Every structure is written in C-alpha cells, then in structure tokens.
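Observations on chain architecture
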Amino acid sequence: MIHHRERVGDVDKLYDISLKLIPLSYEPPLRDLQLALTHLDNDHPERAVTTLVDALKGGRKLMTEIRGREIDLSHELIRALTDALIQAGQQDRIDEVLKKVVDDNPEYWTNMMFGWAMACERLGRKGKSEELLGKVLDKDPKHPRANNALGYSWADQGKNLDKARKMIQIALDDEPASAAYLDSMGWVEYKLGNFDEAIKWLERSRVEEGGDHPVILDHLGDALYRAGRQIDALEMWHRAQGK
C-alpha cells in the first residue's frame, strides 16, 4: 500500500512539473496542445476540454513553426478536443462544441471541418462524416486529406468507385509517398476487381513510412489472395495480426 501511494505521488509530481515546464518550452498553440495531452495522459479530461476550448477561441493563431515550416495545428487541436470530450463523458456535446469552434475560426474552416468529419468517422457516424467532408470539398475541391478520406470511405463501401479513384489521385498528386494515400488507391483498385493493380499500389504503400500498419498489410493480404497468391496472402495476414 505504501509503495502504491509512493508511485501515485511520483506520477502527480511529474504531472505538476510538466504543467510548469510546458509553458516555458512551447508557444501557443503548440503549448495548449501539449498541455491538453498532458491532462489527458493524467486522467484530467475536463481540464483538457477547458484548455482546448480556450485555445480555439476565435482570432487566435493556430499555426506553429516546426523545423522551419509553418504547420496548421487546427486539425490536431480538434482531434484532441474530441478525445477529451469522450474521456470526460461528454460525447453528446461533440457536435455542439465542434460546430462552435469551427464557426469561430473562419480562417481555419476547412481543416477544422475536416477534423470534425474525422471525429464523426472515429465514432462510427459515417453518414455525418461524409456530409462534412462534402462541405470541405465544396469549399476546397483540392483538399488532399478530404479527398482521400471520402474516396477511401466510398471505396470501403464499394460505391462511387470511379469517382473515388479520381479523388484519391488528387491526394496522391499532393503527397505521392503517403502510405495512407497509396493504400487508399490500392483498396479502390481492389474493389474494382483489379487485383494485380491493387497489389502494385499496396506494395508501394508498404515500403513508405507508416506502411507497416495492420490495415495496409491486411489489404495487401486480401489482394494477394484474390490474385491467386494464397501463400503470400497468409503470410501478410499473419503479419497484420502480429501488429
């Protein structure tokens, strides 16, 4: 019991130290994101919600410089806010809260709306997610992540496949080495019945950063199986299960 209390005390001390060090190490909005993630890691989701809602008040800069590049953190902030609301037992407030922060930040509207769409996708609300992605693409038809997300969603459901392929190609034109985008193209080719072509895309996805994701390996296994390469398929499925 004493050892347990000591461990809890040590964790609390580290938490307190982190809350003091983060503001000294980062500028907003990265500071607010790091604080919120620290709150979440230490089971204080309500504090994370408060931190993020304050960070996302209209008129605040949501860009940060990382390795000499200006990065838009609005999507990451929206994702963290969604996680915080879920952990705080406030899942029924997600639409209300996210709509307000999106409306309050017109400069970051497309990426925030994309973040909201991805939150709905994670919660299994595919219809709402596709509706929001459609709005993003109405405003920015070349938005890479929205094109990939909606194209993949359609491919996974086996619908609008020709259009899905064109949308995923838009994403690939922006980032040709993206494992996620290459996987999406492989999956739409699989759904079209082009198994050898699917294998080519999925093999390319597999060698890129993040290409060892179990979903990608599972997709490749499916394509290999349908192409008549059962032994290779079994090996890939085994690798996917081991991740």
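Residues numbered from 1 in each chain as written. Predicted model: local features only at pLDDT ≥ 70, side-chain atom pairs only at ≥ 80, totals over all residues. Heavy atoms only, no water.

Attention now moves to the layout of surface pockets. Think of a ball as big as a water molecule: rolled over the atoms, this probe shows where empty space is left. Reported here for the largest pocket is a volume of approximately 1,000 Å³. Together, 30 residues line the largest pocket, and His75, Phe114, Arg145, Asn148 and Ala180 are the ones closest to its centre. When contributions to the lining of the largest pocket are tallied by element, the ones reaching two or more residues are β2 (69-72), α4 (74-87), α6 (109-122), α7 (126-139), α8 (144-157), α10 (179-191) and α12 (214-226). The element best represented in the lining of the largest pocket is α8, accounting for 7 residues. Partitioning the lining of the largest pocket into residue classes produces 11 nonpolar, 8 polar and 11 charged. What the second largest pocket holds in volume is close to 160 Å³. Lining the second largest pocket are Glu175, Ala177, Ser178, Ala179, Glu208 and Glu209. (1 Å grid on protein atoms, 1.4 Å probe; cavity = no way out; pocket = protein on both sides within 12 Å on 5 of 7 lines; lining within 4 Å. Points joined across faces, edges and corners; volume = space filled by probe spheres on them. Helix = DSSP H or I, 4+ residues; strand = E, 2+ residues; numbered from the N terminus. Nonpolar A, V, L, I, M, F, W, Y, C, P; charged D, E, K, R; others polar.)

A word on the nonpolar core. Counting 64 residues, the largest nonpolar core has Leu56, Leu81, Leu98 and Leu133 as its most contacted members. Sorting elements by how many residues they give to this core places α6 first, with 9 residues. Discounting chain neighbours no more than four positions away, the residues touching Leu133 are Phe114, Ala117, Met118, Ala146, Ala149 and Leu150. (Core = buried A, V, L, I, M, F, W, Y, C linked by side-chain atoms within 4.5 Å. Buried < 20%, exposed > 50% of the residue type's maximum accessible area, 1.4 Å probe, protein only. Contact = heavy atoms within 4.5 Å.)

With that settled, consider the packing of aromatic side chains. Here the distance between the centres and the angle between the planes together describe a pair of aromatic rings. Throughout the structure, instances matching the rule amount to 3 aromatic pairs. Seen in terms of ring centroids, Trp187 and Tyr190 are 4.6 Å apart; in terms of plane orientation they differ by 5°. Their pairing is stacked. In this pair, Trp187 and Tyr190 are both assigned in helix α10, 3 residues apart and thus about one turn of the helix distant. The same class applies to Trp187 as to Tyr190, namely buried. The structure contains a cluster of three or more aromatic residues connected by ring pairs, namely Trp187, Tyr190 and Phe195. (Phe/Tyr/Trp six-rings, centres within 6.5 Å; stacked < 30°, edge-to-face > 60°.)

On to unusual backbone geometry, then. The phi torsion of most residues other than glycine is negative, and most of the peptide bonds are trans. With an omega dihedral of 5°, the bond running from Pro28 to Pro29 counts as a cis peptide bond. Relative to the helices and strands, Pro29 resides in the loop between α1 (2-25) and α2 (30-41). With a phi angle near 60°, Asp43 is a residue other than glycine that sits in the positive phi range. Examined against the element boundaries, Asp43 turns out to sit in the loop between α2 and α3 (45-55). Its relative accessible area of 62% is what places Asp43 among the exposed residues.

Remember that side chains alternate between the two faces of the sheet whenever the strand is regular. Of the strand pairs in this sheet, strand β1 (residues 63-66) and β2 are connected by 4 bridges, and their pairing is antiparallel. Each bridged residue has a counterpart across the sheet, and for Ile66 the counterpart in β2 is Arg69. Between β1 and β2, which pair antiparallel in sequence order, lie 2 residues; one of them, Arg67, sits at a positive phi of approximately 55°. (Pairing = 2+ DSSP bridges.)

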